[in-house]
Amino acid sequence: MVLSTCANICQVEITGLLTRRYGDVAGLEALLASPGPAGRTLSLDARQTERYRAGEVPLMVTEFGGLSVGAEEDEFSYTRTSSDTQYAALLGEIFGVLHTSPIVAGFCYTQFMDTAQETNGLLYTDGSPKLPLETIRRIVTRTEAAPEE
């Protein structure tokens, strides 16, 4: 069992909000005491929350991201960026917040690839990457160079 939270944000001030939510235990406790983002429940039940507090289950951010680069007005995205540089910087910032969080054990970016409805992926609908693959790998894994083979 994993305490699971959703972190999609409908504004550019995403890194500050992620830091407030997941930067320390007090931030997470405040989040758990509220109805949560978009009024969604953040844990399955009170027992799950208590097991997290007791250190029995990890905290996983199971949905975060929502960034788009160069999206058209009729395409859905939580946060639109206007350039590859801006996209890479913001992507790096939001992954960085979760990588440095002392309470987050893991996360799942939303989403891997764009769909017909949403442009929030790391790849376009044709499977081509929005940034060079090495840049995406470095941001997601927070490593500087590819591992030696």
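Relevant structure appears above.
Heads up: these notes are all about the structure in this document. (Residues numbered from 1 in each chain as written. Predicted model: local features only at pLDDT ≥ 70, side-chain atom pairs only at ≥ 80, totals over all residues. Heavy atoms only, no water.)

## Observations concerning the nonpolar core
Within the largest apolar cluster, 28 residues are counted, with the highest numbers of intra-cluster contacts made by Tyr 22, Leu 28, Tyr 87, Leu 91, Ile 94 and Tyr 109. Secondary-structure elements contributing two or more residues to this core are helix 1 (14-22), helix 2 (25-32), strand 2 (59-65), strand 3 (67-69), helix 4 (84-100), strand 5 (104-110) and helix 5 (133-141). A total of seven residues in this core trace back to one element, the largest contributor, which is helix 4. Apart from the residues lying within four places of it in its own chain, the contact partners of Tyr 109 are Phe 64, Gly 65, Gly 66, Leu 67, Tyr 87, Leu 91, Ile 94, Phe 95, Asn 120 and Leu 122. (Core = buried A, V, L, I, M, F, W, Y, C linked by side-chain atoms within 4.5 Å. Buried < 20%, exposed > 50% of the residue type's maximum accessible area, 1.4 Å probe, protein only. Helix = DSSP H or I, 4+ residues; strand = E, 2+ residues; numbered from the N terminus. Contact = heavy atoms within 4.5 Å.)

## Regarding the packing of aromatic side chains
What describes a pair of aromatic rings is the distance from one ring centre to the other and the angle between the planes of the rings. Under the criterion given, the structure shown has five aromatic pairs. Ring geometry for Phe 95 against Phe 107: centres 5.5 Å apart, planes inclined by 70°, an arrangement best described as edge-to-face. Note that Phe 95 is positioned in helix 4 and Phe 107 in strand 5, a separation of 12 residues in sequence. Among the aromatic residues, those joined into a ring-pair cluster are Phe 64, Phe 95, Phe 107 and Tyr 109. Over the ring of Tyr 124 we find Lys 130; its NZ or CZ atom is 5.4 Å from the centre of that ring. (Phe/Tyr/Trp six-rings, centres within 6.5 Å; stacked < 30°, edge-to-face > 60°. Lys NZ or Arg CZ within 6 Å of the ring centre and 35° of its normal.)

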